[in-house]
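Summary of the model geometry
Below are the chains, spelled out letter by letter.
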Amino acid sequence: MGQMPWLPRAQRWVWGLGAVAAVCCLGTILVFFPGYLSPDSLDQLRQAEGKSRLTDWHPPVLSLVWRALIAVTGSIASMLVLQAILFWGALWVLAWCVWELTASRGGSLAVLGLGLAPFVLTFVGVVWKDVQAAVALLAACAVALTGLLLRDRRPPRPAVRWGLLGLGVLFLAYAMLVRKNAFFAALPVFVMLVLALWRAPGRRTWATCTAALLAALVVPTVAISLFARPLETEQAAQIMLDDLVHVLEVDELRTADVPPGLRDRLVASAQECERVGALSDAYWACYERPADGLRGDSGEITSLWLREMSGHVPEYLQYRLRLFTTLLFETDDPYKAGVSRNDLGIEVAHPRLEDMLGTYVNGMVTDLRWLFRGWFWLAVALVLAIRPGKGRFSMPVRSLGISSAAYILGYLPIMPATDFRYVYWPAIACTLGLLLLWLGRGTALPPPKSPGATPDRAVTAQQPADAGGH
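Quick look at the structure, then. (Residues numbered from 1 in each chain as written. Predicted model: local features only at pLDDT ≥ 70, side-chain atom pairs only at ≥ 80, totals over all residues. Heavy atoms only, no water.)

Focus: the packing of helix 9 (residues 183-197) against helix 10 (residues 203-228)
Definition in use: Each axis is a line fitted through C-alpha atoms, taken for helices only over the stretch in contact, and angles between the N-to-C directions span 0 to 180 degrees. Strands here are runs of E lasting at least two residues and helices are runs of H or I lasting at least four, both read from the DSSP assignment and numbered beginning at the N terminus. When describing relative orientation, an angle under 35 degrees is termed roughly parallel and one over 145 degrees roughly antiparallel, while 65 to 115 degrees is termed roughly perpendicular and anything else oblique. Handedness of a crossing is defined here by the sense of rotation of the near helix relative to the far one, left-handed for an anticlockwise turn of less than a right angle and right-handed for a clockwise turn. Two residues qualify as a contact provided that any one of their heavy atoms is within 4.5 Å of a heavy atom in the partner residue.
Relative to each other, helix 9 and helix 10 sit at 135°, their axes nearing to 11 Å. Put simply, helix 9 runs oblique to helix 10. In this structure, helix 9 crosses over helix 10, and the sense of that crossing is right-handed. Taken together, the residues of helix 10 that come into contact with helix 9 (itself represented by Phe 190, Val 191, Val 194 and Leu 195) are Trp 206, Cys 209, Thr 210 and Leu 213.

Structure representation (structure tokens):
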């Protein structure tokens, strides 16, 4: 008779996928507990707990969400739990959609297995804005594929369609609020979301959807500014500082038209960066930081940058291209181990599990280094964007490719370092895109429905209800 005879075979497979996702989620929480924390993460945790003032150096929305979670649960690990649930929940929804649309058990398992790939699992439990942006974008993709499934099977009621749009927009807005340059990655996903919910959206639909996205961005931004009042730190000047100390010669910095104190710091920073071989991140690696950070210097740094870069265009482009090339071919820090030293008494709960994860990821870094290089994921992204195939997943595949390529290329003028976390979303999106491209072979787009026609099931090689063992 088999197990769960009251459920159709297809539904039993969906719940089986859910069980696998739940086990993986629990395993993720156990390995990473209470969440791997870098100095950036610890800084945001202190702000969340009210032990330091809320600032905008890192997106305050992450600290505020963390603060709310701690208030409800009393545990700092609540952020890790939420991050893991959203990640594995999104993968489960994607696997379910793939199963329904292709009847491929192997394909749906492959989508779920994406989360266990070393270049994905490496950061799943690290509380970083880069990771949270990637998880939010992945969740938005899950909403889009759900809309695609419902649209092709039986067009959903307006309330369901707009509800899915609202959920997807919330995920996209959070991604952009928690990582500003996620804007480049979020726009193609937004287009995918709208096209998945409406086969041929008109101008009014596009206008309404765009207004919803803008509202989801503006309302929390204004609310945070008015009520949380984060300290303005002028972080954008950090990028300009990098350009100044790496583009200008030391003699040019010595004669720069800025206050003497800032001029001395710029000269010392350029000399120190050259001595230690720091190609970027001068603010942390080479700059003698005043007590107020960049707040006091930001105006002068910005003015000097505007004056000097216009006269050093070739040198500026060479520096930025050199730094971008380093991100592509010498990508750093593919693994973040445990919890950085801190005065909060926080340590990894299970050091042996941490060692096991480190062995897995670092071993794969040694054996398959190209999986952790920016050039590989940029190349895959461009292929997906240009050649997305002709199956039913061609639109999502192209959107994922464009999103990944735009995100990587968007770092060209603003990249502060060369870490793998800056390529984390493209690694996830491109892997998903490759799986969808493979699974879309042999499937055809459903024919357009005439008004009033009864929608048919999607055209696939075999329907899930009849699937035997794909």
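Read on, since the account is not over.
Thoughts on the pattern of salt bridges
Convention followed: For this analysis, a salt bridge means a side-chain nitrogen from Lys or Arg found within 4 Å of a carboxyl oxygen belonging to Asp or Glu. Three exposure classes are used, based on accessible area relative to the maximum for each residue type with a 1.4 Å probe and protein chains only: buried under 20%, partly exposed in between, and exposed over 50%.
With the rule as written, the count across this model stands at ten salt bridges. One salt bridge connects Arg 254 with Asp 251, and the closest N-O pair in it is separated by 2.9 Å. Of this pair, Arg 254 and Asp 251 both sit in helix 12 (residues 250-254), three residues apart, which is roughly one turn of that helix. Take Arg 254: its relative accessible area is 43%, and that puts it in the partly exposed class. On the basis of relative accessibility, which here comes to 56%, the residue Asp 251 falls in the exposed class. Bridged by salt links that share partners, the residues Asp 40, Asp 130, Arg 179, Asp 419 and Arg 421 form one connected network.

So, helix 7 (residues 129-153)
Note the cut-off: Working rule for helices: expected span equals 1.5 Å times residues minus one.
Its 25 residues place the ends of helix 7 36 Å apart at the C-alpha level, agreeing with the 36 Å of an ideal helix rising 1.5 Å per residue. Across the 25 residues that make up helix 7, a large majority, 24, are buried.

Details of the state of the cysteines
Using the following cut-off: The term disulfide is used for any two cysteine sulfur atoms that are within 2.5 Å.
In this structure the tally under the stated criterion is one disulfide. The side chain of Cys 273 participates in a disulfide bridge whose partner is Cys 286; the two sulfur atoms lie 2.1 Å from each other. The sign of the S-S torsion, about 115°, decides the handedness of the disulfide formed by Cys 273 and Cys 286: right-handed. In this pair, Cys 273 is assigned in helix 13 (residues 260-276) and Cys 286 in the loop between helix 14 (282-285) and helix 15 (298-309), connecting sequence segments 13 residues apart. Judged by its relative accessible area of 3%, Cys 273 is buried. With relative accessibility at 9%, the residue Cys 286 sits in the buried group. Free of any disulfide, Cys 25 has its nearest neighbouring cysteine sulfur in Cys 24, separated by 8.8 Å. A residue is classified by how much of its surface remains accessible, and Cys 25, at 10% relative accessible area, is buried. The structure places no disulfide on Cys 209, whose sulfur is separated from the nearest cysteine sulfur, that of Cys 141, by 16 Å.

Quick notes on unusual backbone geometry
With an omega of 0°, the peptide bond running from Phe 33 to Pro 34 counts as cis. With respect to the secondary-structure elements, Pro 34 resides in the loop between helix 1 (9-32) and helix 2 (39-48). Located in the positive-phi region is Arg 229, a residue other than glycine, with phi close to 50°. As for its placement among the helices and strands, Arg 229 is situated in the loop between helix 10 and helix 11 (237-247). Judged by its relative accessible area of 60%, Arg 229 falls in the exposed class. At Asp 333, a position not held by glycine, the phi torsion is positive, near 50°.

Observations concerning the packing of aromatic side chains
Put simply, the rule reads: Any two of the Phe, Tyr and Trp rings considered here, Trp counted by its six-membered ring, make a pair once their centres fall within 6.5 Å; the pair's planes then place it as stacked at under 30 degrees, edge-to-face at over 60, or tilted in between. Note on criteria: charge over ring means Lys NZ or Arg CZ within 6 Å of the ring centre, with the direction from the centre no more than 35 degrees off the ring normal.
Following the criterion strictly, the structure yields 23 aromatic pairs and no others. When the centroid spacing of 5.0 Å and the interplanar angle of 50° are considered together, the rings of Phe 119 and Trp 377 count as tilted. On the criterion of sequence distance, the pair formed by Phe 119 in helix 6 (residues 118-121) and Trp 377 in helix 18 (residues 374-386) is long-range, its members being 258 residues apart. For Phe 119, a relative accessible area of 7% translates into the label buried. Look at Trp 305 and Tyr 316: their rings are 6.2 Å apart centre to centre, the planes differ by 85°, and that puts the pair in the edge-to-face class. Separated by eleven residues along the polypeptide, Trp 305 in helix 15 and Tyr 316 in helix 16 (residues 313-329) bring together distant segments of the chain. As far as the burial class goes, Trp 305 and Tyr 316 line up, both buried. A network of ring pairs unites the aromatic residues Phe 119, Phe 123, Trp 128, Trp 370, Phe 372, Trp 375, Phe 376, Trp 377, Phe 420 and Tyr 424 as a single cluster. The aromatic ring of Trp 13 is capped on one face by Arg 105, whose charged end is 4.9 Å from the ring centroid. The ring of Trp 128 has Arg 421 sitting right over it, with the charged end atom 4.7 Å from the ring centre.

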